[in-house]
Amino acid sequence: MQAVIADREARGGFRRADIPEPVPQAGQVLIEVRHVSLNRGEARHPGAFPAGAVLGYDAAGVVIRAAEDGTGPAVGERVVAFGPGAWAERAVFATADVVVVPESLDLGIAAALPMAGITALRTLRAVGSVLGREVLITGASGGVGRFAVQLARLGGAYVVASVGSVQRGAGLTELGADEVVVGLDGITGPFDVILEHVGGAHLVRAWSLLRPGGVLQSIGWASGEPAVFPPNSIFAHGAAKTLRSFGDAADPGRDLATLVDLAARGAVSVQVGWRDSWKRMEGAIQALLGQQVAGKAVMDID
């Protein structure tokens, strides 16, 4: 079968190659992958993976071999999965990381849910109820950001979405943002919760916009720049402010099922800004890294 593998000698650090078909172990299913989605970290750092490793984490397709232990979906069921080795014609996933997709939901759309959707859901859940609270989301035009805007609004928050340009803010009001702003200049805050995707100077500025007792979730670092906090800028009167990192991808099944349900019911709109054949994955990765994709990039395994 064919797969996209890590190769530091290849252009972009990856290439398509013929590799042996994976063999499912106990508690795993074999999926014929129909669609995969790209995430910025995968696109930016393919060289971080061992040479020859199959890249990608988000996949949707059809089960062609059920788990021998009787767990998980049956042969022929349409599913979405989260786990390593997704960018391939066939892939194995633990049954706990696979969710059945209803017929009402397009499999290509479902493929965009796992990493970005779970990140948005878990970072918001970690701060507790956002009902009546003011939430700032930076880098809101990306995949995680667009999910976060919708989930925060569903939770009853007042949502401010920060983007890099007016064009990248298109559609965010319709998704539930109460305000869409370019950058952070001119914003006075304060905010109860901030989901920060940009890093660098943005992270420092976001900290200054946090209300006493508030939480800043550092999710991404799209800028690639260091964050330099001026002396004494961490000190604040009143209840302690909190800066948290995020990287929890454990036990995704239940949260993935929640996202599939929300998407199937139309409660959450899955924003796919780029969809093409995986034969042109290099172009999709360049567009993603160049911030030319509003939302998620989905590749069809044709």
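The protein is annotated in an unreviewed UniProt entry as NADPH:quinone reductase-like Zn-dependent oxidoreductase from Actinoplanes teichomyceticus.

Some remarks on the overall build of the protein
When you go through the protein residue by residue, the secondary structure sums to eight helices and 15 strands. Over its C-alpha trace the protein gives a radius of gyration of 20 Å, about what one expects of a compact globule, namely 19 Å for 302 residues. Projected onto the principal axes, the alpha-carbon positions of the protein cover approximately 60 × 40 × 35 Å. When the 302 residues of the protein are sorted by exposure, 50% land in the buried category. Contacts in the protein between residues far apart in sequence, at least 24 positions, make up 66% of those at least 6 positions apart. If you sum the accessible surface of the protein, you get close to 13100 Å²; carbon and sulfur atoms cover 52% of it. Here the protein carries 26 positive and 30 negative side-chain charges, and the mean point of each set is 3 Å from the other.

Here's the deal with the pairing of strand β3 (residues 28–38)
For a regular strand, side chains alternate in direction, first toward one face of the sheet and then toward the other. The buried fraction of β3 is high, at eight of 11 residues. Summarising the sheet, β3 and strand β6 (residues 90–94) pair through five bridges and their orientation is antiparallel. Looking at β6, one finds that I31 is bridged to A91. Where β3 lies against strand β4 (residues 58–65), seven bridges are found, and the strand directions are antiparallel. Residue pairing for β4: L30 is matched across the bridge by R65.

Remarks on unusual backbone geometry
Following G189, the chain continues to P190 via a peptide bond in cis, the omega torsion being -5 degrees. Residue placement: P190 occurs in the loop between β10 (179–182) and β11 (191–196). A positive phi angle, near 70 degrees, is found at N232, a position not held by glycine. Assignment of secondary structure puts N232 in the loop between β12 (210–218) and β13 (242–245). Despite not being glycine, D251 shows a phi value in the positive range, around 45 degrees. Its place among the elements puts D251 in the loop between β13 and α7 (253–265). On the accessibility criterion, D251 (67% relative accessible area) is exposed.

Looking at the packing of aromatic side chains
Under the defined criterion, the tally for this structure stands at one aromatic pair. Their ring planes at 35 degrees and their centres at 5.8 Å tell us that Y57 and F82 sit as a pair that is tilted. Separated by 25 residues along the polypeptide, Y57 in the loop between α1 (40–44) and β4 and F82 in strand β5 (residues 78–82) bring together distant segments of the chain. With a relative accessible area of 23%, Y57 lands in the partly exposed category. By relative accessible area, which is 8% here, F82 ends up buried.

Some words on the pattern of salt bridges
All told, the structure shown has 16 salt bridges when counted by the stated rule. Between D276 and R280 there is a salt bridge, with the nearest N and O atoms lying 2.9 Å from each other. Overall, R280 belongs to the partly exposed group, its relative accessible area being 48%. Here the salt bridges share partners, and the residues they tie into one network are R122, R125, D248 and D255.

A short note on the sheet that holds β11
Ordered in space as β10-β9-β8-β11-β12-β13, the six strands form an open sheet in which the pairing is parallel. Whereas interior strands pair on both sides, the edge strands pair on one side only; in this sheet they are β10 and β13. On average, adjacent strands in this sheet sit at an angle of 20 degrees to one another, irrespective of strand direction. When strand β8 (residues 134–137) meets β11, the two strands line up parallel, connected through three bridges. Bridged to L136 within β11 is I194. Packed onto the sheet, helix α6 (residues 201–208) meets β9 (158–163), β11, β12 and β13 and runs at close to 155 degrees relative to β12.

Points about the side chain of Q217
As for its placement among the helices and strands, Q217 is situated in strand β12. What makes Q217 buried here is its relative accessible area of 2%. A distance of 3.1 Å separates the side chain of Q217 from the backbone oxygen of T123, its partner in a polar contact.

With respect to the environment of A67
Within the secondary structure layout, A67 lies in the loop between β4 and β5. Judged by relative accessible area, which is 8%, A67 ranks as buried. Counting along the chain gives 25 residues from A67 to V92, while the straight-line C-alpha distance between them is 10.0 Å. Discounting residues that sit within four places of it in the chain, A67 has contacts with G27, Q28, V29 and T95.

Conventions we followed
- Residues numbered from 1 in each chain as written.
- Predicted model: local features only at pLDDT ≥ 70, side-chain atom pairs only at ≥ 80, totals over all residues.
- Heavy atoms only, no water.
- Helix = DSSP H or I, 4+ residues; strand = E, 2+ residues; numbered from the N terminus.
- Rg over C-alpha atoms; globule rule 2.2 N^0.38 Å.
- Buried < 20%, exposed > 50% of the residue type's maximum accessible area, 1.4 Å probe, protein only.
- Contact = heavy atoms within 4.5 Å.
- Areas by Shrake-Rupley, 256 points an atom, 1.4 Å probe, with all protein chains shown as cover.
- Lys, Arg positive; Asp, Glu negative; His and termini not counted.
- Charge placed at Lys NZ, Arg CZ, Asp CG, Glu CD.
- Pairing = 2+ DSSP bridges.
- Phe/Tyr/Trp six-rings, centres within 6.5 Å; stacked < 30°, edge-to-face > 60°.
- Salt bridge = Lys/Arg side-chain N within 4 Å of Asp/Glu carboxyl O.
- Axes fitted to C-alpha atoms, helices over the stretch in contact; angles between N-to-C directions.
- Polar contact = N/O pair within 3.5 Å; in protein donor to acceptor, adjacent residues only side chain to side chain.

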